[in-house]
Structures are given as C-alpha cells and as structure tokens.
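# Coordinate inspection notes
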Amino acid sequence: MPRVHIKTYGCQMNERDTEQVSQMFVERGYTMTATDADADVVLINTCSVRDQAEQKAIGKMGMVRRRRVPLVTGFMGCMAQSRGSELVEKTKVDLVVGTQKYHRVVEYVDEIIRAKEARMMDEERFSIVDIEEEKASQNAIRDHTLKENQGTAFVSIMQGCNMKCTFCIVPYTRGGERGRPIADIVEEVRRLADKGVKEITLLGQIVNLYGRHEFPAVDGKSPFVQLLEAVHEVPGIQRIRFTSPHPIGYKKDLIEAFTYLPKLAEHVHLPVQSGSDEILKRMHRPYTAAKFTDLVERIRAARPGIAVTTDVIVGFPGETDEHYLETRELFDKLKFENAFVFRYSKRRGTPAAEMDEAIQLSEQVKEARNQDLLALVNKHAWVKYEELLGQEVEILCEGTSKTNETRLMGRTRTNKIVIFEGNPSRHIGELVNIRISHYENFTLYGDVVTV
C-alpha cells in the first residue's frame, strides 16, 4: 500500500484533525511516514488565520513538487475550504478537501489512485475538490493514534463558530457551531483513559459555548459545564484542560466549576484581543475592557493561583496611539502569565479587510507596538517564574524535549513547560514532582524529587 505523509500547520484543532485522518489511513492499510521524502501521498493540513500560514503551506507544497511529484498531493483544512479549486489551478495538486470532509480524505485518495492507474496513458488531469458542508461532520473526529506511554490527548467536542469577529476567517472556513453528544465525548475520554492517558484537552473554536444550540441547560448548568462534570468522573483522568474559550462563555456556572472540579487544571487561555472599548466594538467583540477585567478577577478568586494567558491583536484598523495605550494599561493591570501578541494582517473575506484603507496601519507601527507589548508581558510573566525557583511542582511528562532529546519535558498544572533529566521508560506519561532550579525565557528547568 502507498506511504502517506501529512504536514500540519495551525492550531490544536488541525493537529487533532490530522490525527483522525492518519488513523483512517492506517485502518485502510496505508503506512504513515515521518517525512515527505519517501511518501507516495503528501497532504498538507492548512491554516488560514494569517496570510503567512497560507503562504507557508503553498511554499511547502511547491518544494515537495519541485523535488519530485508524489503519486497524490493535496490540501486539507481551512485554506482548502476558503480557496477550493483555486488551489488546484495554482499548485497542480490532486486533492482539495474542506474542514467538514476530513472523513472523506482516504476514499478520495483511493479514488485518485485508481483514476491515475486507469489513465496511465492519458494526459488528462484528474482532481477532486470537496468543500461542501456535511451534516454531523463534527462526529467524525473521534479516533486516536496514541504513542507508547502517551499521557495527554486532544478531544474535539465541536466544530465551527457563530461569533463573526471582524478580523477572523474561522466562521467562514469552519462553518457554524456544531456540538457532539456528551455521551459520545465521554466514551472517547474513557477509551483514552483505559489506554493510560491522564490529561485531556477539550477542543472547540469557542469551546465554552459548546452545545448551546443543541442541548438544554440542566439545573442552571450549561452543556459545557455538564460535559466538564461528566469527564471529571472518568477514572484515570487526572487533568482537564480546554481551549479556546471566549469571554462571553464564562458564565457563573463555569466560573463556579473551578471551585468544585479539582481535575480542572489551573490555567485558562482567555483571548482579550484589545484593551480599547472602541477597537473591541470594531472587532465585534461583545464585551468591554472593564467587563473583561472583572471576569479575570472572578476567575482568579474562584481558583487562587490560576494562570491566565491571552491573545491580543495590535495594529487593528483605526487603532490610534490612545487605543494602544488602553491595551497596554489593561495588560499592566492584569499581569497575564503569557500572551500571544499578533500584528493585525488582512484576511481575505473578513469585514476588517474591507475597512477603509485610510485607517489601515503601517507595518512599522504594528511591529513597534508588538515589541513594546511583548516586553511588558515578559516583565510580568517572569515575576511568576521567579516565584517558582526552589519550589516543587507537579508535571505530566509528555516525552523528550524538542530542543534536547537527552532531556524530558512536561507541563505544570498552570501550563508552564519544564525540562528535566529523567528516565524515559519510567517518567514519560507519568506525573512527576520537579524542584525548579532556574528558567530561561518561558521554560523552567529542574530536577526530579526523589520520594
């Protein structure tokens, strides 16, 4: 059977979708390869959040085809959804599959291979483009390919987004919100726990709005909190995370869940996007800086010691110096433990891309604000890292370090990376106590605490 390589760009949702497609290839008898050099089928799972991500995917496919042309080449994911047949014309790939058709990829590859074998003497090209919507496609992302002693896993609980933020392409590439049944998700988590997984991360475009259109509230609890409670009861699961939430999804019931569900990890990633009410309104973000501040304070009160991280966009169309200073002041007040700071970039098909050219900011201004805000984030974050020096922390060992294969890597409950020297056969996939000795940038280093 042919050998398959899938290159993935973008978010955890893309990683999870790639895992599902890979498992389906394996079940069909294909062999997955770590590189594209020896693969007969090369697919790229794409991201459209920024133009750079799209250009990187197109450039990668160009490199693959210049080196040699595999039997089948194709794009999956968000860029495939937004560009469709344009990608076939531009890059000469055989397959373009949108975000609601991942479960069709293997059968399409089979079909393309059969067509090519039947047309070996025919120069006519054969390609497949499928970016149509498909009902219940969210239920197809449910299978896993686990490594030996794997301790963490992503679980997709929904697809799509209804928020229509003016800068974001996701509602147009992922479609509307569609949630999976709670029972199906819990059963998937049980299977993972039975295989030794100790930590799961629930995934959704706006994960804390899960099920709001499909399932009823019960005893004042939203479907998402009902799901958290059900997953919390699964034996073997010791940590629960979720990403990426929206501030409006943090109702009273979810904040209270942090007071009585100890398996919920002490970390929330809460995208603020701007600290200016005027810019938030232009972004179509339905909260103010004051309401966001109050939310963070209530979350911190519910679970003392919880780490709050965020996303922010600088240089959004019309952002004045005064607007940026409002964002800076918010960051100085809330003291996030980390932040992803993005320079605004136009995304074709989004309302912000069509805003008056006169209010579009220069790249120089965006970069200056980006660097200034990063410096402020680092200043506050490193205070938290200083506090951990000499302290004992619990980490879940995920495997070898990406930068040094002789060392192991894990994460604290507050989602901080820790590097240490350990025994792979003993520590990978296990909870380990580490005494922190030092840190570099956003990485902690320490030694195993012998019990």
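See above for the structure.
Residues numbered from 1 in each chain as written. Predicted model: local features only at pLDDT ≥ 70, side-chain atom pairs only at ≥ 80, totals over all residues. Heavy atoms only, no water.

## Some words on helix α9 (residues 252-260)
Looking only at α9, the buried set comprises Asp253, Leu254, Ile255, Ala257 and Phe258. Where the residues of α9 are buried, they touch α8 (223-232), β11 (239-243), β12 (267-269) and α11 (289-302). (Buried < 20%, exposed > 50% of the residue type's maximum accessible area, 1.4 Å probe, protein only. Helix = DSSP H or I, 4+ residues; strand = E, 2+ residues; numbered from the N terminus. Contact = heavy atoms within 4.5 Å.)

## Some points on the packing of aromatic side chains
Under the defined criterion, the tally for this structure stands at 13 aromatic pairs. Measuring from ring centre to ring centre gives 5.0 Å for Phe25 and Tyr30, while their planes differ by 75°; the resulting arrangement is edge-to-face. Across the pair, Tyr30 and Phe25 agree in class, each one buried. With a centroid separation of 5.4 Å and 70° between ring planes, the pair formed by Phe316 and Tyr344 is classed as edge-to-face. A residue pair is termed long-range when its members are at least 10 positions apart, and Phe316 in the loop between β13 (307-314) and α12 (321-334) and Tyr344 in the loop between β14 (338-343) and α13 (363-388) qualify at 28 residues. Judged on exposure class, the residue Phe316 and its partner Tyr344 are both buried. The aromatic ring of Tyr385 is capped on one face by Lys416, whose charged end is 5.7 Å from the ring centroid. (Phe/Tyr/Trp six-rings, centres within 6.5 Å; stacked < 30°, edge-to-face > 60°. Lys NZ or Arg CZ within 6 Å of the ring centre and 35° of its normal.)

## Some words on the sheet that holds strand β7 (residues 152-156)
With parallel pairing, three strands are arranged side by side in an open sheet as β7-β10-β11. Strand pairing shows two members of the sheet lacking a second neighbour, β7 and β11, which therefore form its edges. Taking the axes of each pair of neighbouring strands and ignoring which way they run, one obtains an average angle of 25° across the sheet. Here five bridges tie β7 to strand β10 (residues 199-203), and the two strands are oriented parallel to one another. Across the sheet, Ser156 pairs through a bridge with Leu203, a residue of β10. (Pairing = 2+ DSSP bridges. Axes fitted to C-alpha atoms, helices over the stretch in contact; angles between N-to-C directions.)

## Re the nonpolar core
Judged by nonpolar contacts, the single largest core of 54 residues is most densely connected at Ile157, Leu202, Phe242 and Tyr250. Ignoring any residue separated from it by four or fewer positions in sequence, one finds Tyr250 in contact with Asn208, Phe242, Pro245, Ile255, Phe258, Val268, Leu270, Leu295 and Ile299. Judged by nonpolar contacts, the second largest core, of 21 residues, contains Met24, Tyr108, Ile112 and Ile113. (Core = buried A, V, L, I, M, F, W, Y, C linked by side-chain atoms within 4.5 Å.)

## Looking at unusual backbone geometry
Geometrically, the link from Thr243 to Ser244 is a cis peptide bond, its omega value of 0° lying close to zero. Along the chain, the position of Ser244 falls in the loop between β11 and α9. Phi is positive for Asn149, which is not a glycine, with a value near 60°. Within the secondary structure, Asn149 sits in the loop between β6 (128-130) and β7. The phi dihedral of His284 falls on the positive side, at around 70°, and the residue is not glycine. Secondary-structure assignment places His284 in the loop between α10 (277-283) and α11.

Remember, this is a structural readout, not a statement about activity or role.
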